[in-house]
Amino acid sequence: GLYVLDLAFGISQRILAVPSLIRRGIYTEPDWSPDGSQLAVTRETGYSLDIFTFNLAESTWTNISDSPANEIHPAWSPDGRYLAFISDREFCPSWIPGAANGCNADTDTFSGGHVYVYDTLTGDTQGLTDVWTNEPPYWINSRQIAIAGSNPQADLLRPERTLWVADVATAGARQVNIAEGEDTPFHLTEAWTADGSRVIFQRTASDSNQIVVTSANGTPIEVISDYNFARFSLAAAWSPDGTRLAIGGSGGQCPYGIIVLETVDYSTVARGNPPPSMCDPVFSPDGAFIAFAGINPRT
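The shown structure was predicted, so the numbers you read here are calculated from the model rather than taken from an experiment. (Residues numbered from 1 in each chain as written. Predicted model: local features only at pLDDT ≥ 70, side-chain atom pairs only at ≥ 80, totals over all residues. Heavy atoms only, no water.)

A.B. asks: Sorry if this is basic, but what is going on with empty space enclosed by the protein here?
C.D. replies: Left-over empty space is what a probe sized like a water molecule reveals as it rolls over the atoms. Tallied over the full model, the rule gives one cavity of 30 Å³ or more. Taken together, Leu16, Val18, Ser20, Leu21, Arg23, Thr28, Val41 and Thr42 form the lining of the largest cavity. (1 Å grid on protein atoms, 1.4 Å probe; cavity = no way out; pocket = protein on both sides within 12 Å on 5 of 7 lines; lining within 4 Å. Points joined across faces, edges and corners; volume = space filled by probe spheres on them.)

A.B. asks: Even after reading the chapter, I still don't get the state of the cysteines, so can you show me in this structure?
C.D. replies: Think of a disulfide as a covalent bridge from one cysteine sulfur atom to another cysteine sulfur atom. All told, the structure shown has two disulfides when counted by the stated rule. With its sulfur 1.8 Å from that of its partner, Cys92 forms a disulfide with Cys103. Every disulfide takes its handedness from the sign of the S-S torsion; for Cys92 and Cys103 that torsion is -75 degrees, giving left-handed. Taken as a pair, Cys92 in the loop between strand S10 (82-87) and strand S11 (114-119) and Cys103 in the loop between S10 and S11 lie far apart in primary sequence, eleven residues in all. What makes Cys103 buried here is its relative accessible area of 13%. Linked covalently through their sulfurs, Cys254 and Cys279 form a disulfide whose S-S length is 1.6 Å. Taking the sign of the S-S torsion, 65 degrees for the link of Cys254 and Cys279, the bridge is right-handed. In this pair, Cys254 sits in the loop between strand S22 (244-249) and strand S23 (258-262) while Cys279 sits in strand S25 (residues 277-283), placing the two residues 25 residues apart along the sequence. As far as the burial class goes, Cys254 and Cys279 line up, both buried. (Disulfide = S-S within 2.5 Å. Helix = DSSP H or I, 4+ residues; strand = E, 2+ residues; numbered from the N terminus. Buried < 20%, exposed > 50% of the residue type's maximum accessible area, 1.4 Å probe, protein only.)

A.B. asks: Sorry if this is basic, but what is going on with the layout of surface pockets here?
C.D. replies: What the largest pocket holds in volume is close to 690 Å³. Around the largest pocket, the lining is made up of 27 residues, and of these Tyr138, Glu190, Ala191, Trp192 and Ala236 lie nearest the centre. Breaking the lining of the largest pocket down by element, the ones donating at least two residues are strand S14 (144-149), strand S17 (187-192), strand S21 (234-238) and S25. In terms of residues, the lining of the largest pocket owes the most to one element, S21, which gives five residues. For the lining of the largest pocket, the per-class residue count stands at 20 nonpolar, four polar and three charged. (Nonpolar A, V, L, I, M, F, W, Y, C, P; charged D, E, K, R; others polar.)

A.B. asks: Any chance you could explain the sheet that holds strand S12 (residues 125-127) here in plain terms?
C.D. replies: Across a sheet, paired strands are connected by hydrogen bonds in the backbone, their directions being either parallel or antiparallel. If you walk across this open sheet you meet the four strands as S9-S10-S11-S12, and the pairing is antiparallel. The strands lining the two open edges of the sheet, one partner per strand, are strand S9 (71-76) and S12. Averaged over neighbouring strand pairs, the angle between their axes works out to 25 degrees when direction is ignored. Of the strand pairs in this sheet, S9 and S10 are connected by four bridges, and their pairing is antiparallel. Bridging across to S10, Ile72 finds its partner in Ile86. (Pairing = 2+ DSSP bridges. Axes fitted to C-alpha atoms, helices over the stretch in contact; angles between N-to-C directions.)

A.B. asks: Hey, could you run me through unusual backbone geometry in this one?
C.D. replies: Trans peptide bonds make up most of the peptide bonds, and negative phi angles are found at most residues other than glycine. Residue His73 is not a glycine yet carries a positive backbone phi of 55 degrees. Among the secondary structure elements, His73 is positioned in strand S9. You will see that Asp280, though not glycine, has its phi angle at about 50 degrees, which is positive. On the secondary structure map, Asp280 appears in strand S25. When its relative accessible area of 39% is taken as the criterion, Asp280 is described as partly exposed.

A.B. asks: Where do I start with the packing of aromatic side chains in this structure?
C.D. replies: For any pair of aromatic rings, geometry is given as the distance between the ring centres together with the angle between the planes. Evaluated as defined, the whole model comprises seven aromatic pairs. On the basis of an interplanar angle of 80 degrees and a centroid distance of 6.4 Å, the ring pair of Phe52 and Trp61 is categorised as edge-to-face. With a relative accessible area of 25%, Trp61 lands in the partly exposed category. Measuring from ring centre to ring centre gives 5.1 Å for Phe229 and Tyr256, while their planes differ by 75 degrees; the resulting arrangement is edge-to-face. Taken together, the residues Phe229 in the loop between strand S20 (220-224) and S21 and Tyr256 in the loop between S22 and S23 connect sequence positions 27 residues apart. Taking relative accessible area as the criterion, Tyr256 reaches 22% and is therefore assigned partly exposed. The ring of Phe52 carries Arg43 above its face, with NZ or CZ at 4.9 Å from the centroid. (Phe/Tyr/Trp six-rings, centres within 6.5 Å; stacked < 30°, edge-to-face > 60°. Lys NZ or Arg CZ within 6 Å of the ring centre and 35° of its normal.)

See below:
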């Protein structure tokens, strides 16, 4: 089951009898609202999946998506006003057997959809973009959402992963394309500044992995060529004010020690040779400290 533990009183409560958080073959995590009063959860409702919120004080559930399509990956905005999620309603308006224009669970596969946003103040839900994705949306700030786009029809040997940033106020999205020179359709392990103005990611080609920093509109700012991380193994973090950038690895692939850059000319301000190496760095809210997993490659 899904439990909530009260740390002050040491009391746990089962709020949902489920054997697993894997739904229709996809793992989808619950997400707490910023004030801790509600938990957003993907639940089965007959033939489909919906997004529910659980009110902790009242122990009540509310279906906020209420659709015969599938909805997964709930994500609260930092101010708690919006709840983003992924829905396949444009592809499969219904998973109910025999429904007009619906999908057949015996022959059709659910793997992703488009990003939608529920407004807790108005109760309205709007489609944010027509970018197809199978990854959880990520709130950059209370207005902007980062989306990893992909092509469900792409060749398995030539996958695509594109970066998009969407604006809740304008309900529009723009792709991060490198504005100068040749670009690739495979951008990985991105990290955005808190204001959404810059992004660092791996630009991956068949024979190389580059670490690239661009503006939100794709204007190149810096290419960091000193560190050749394997695909999907880069983990970067910006300080809250955007003046520092920590670069590390992920998944135990962290060969370069501790790397911290300043973001005026991207020169090194802190460098530590292994051991330990820096994995999955995270800045403290005031930007004074960096927490990370220290990996000793010799053990």
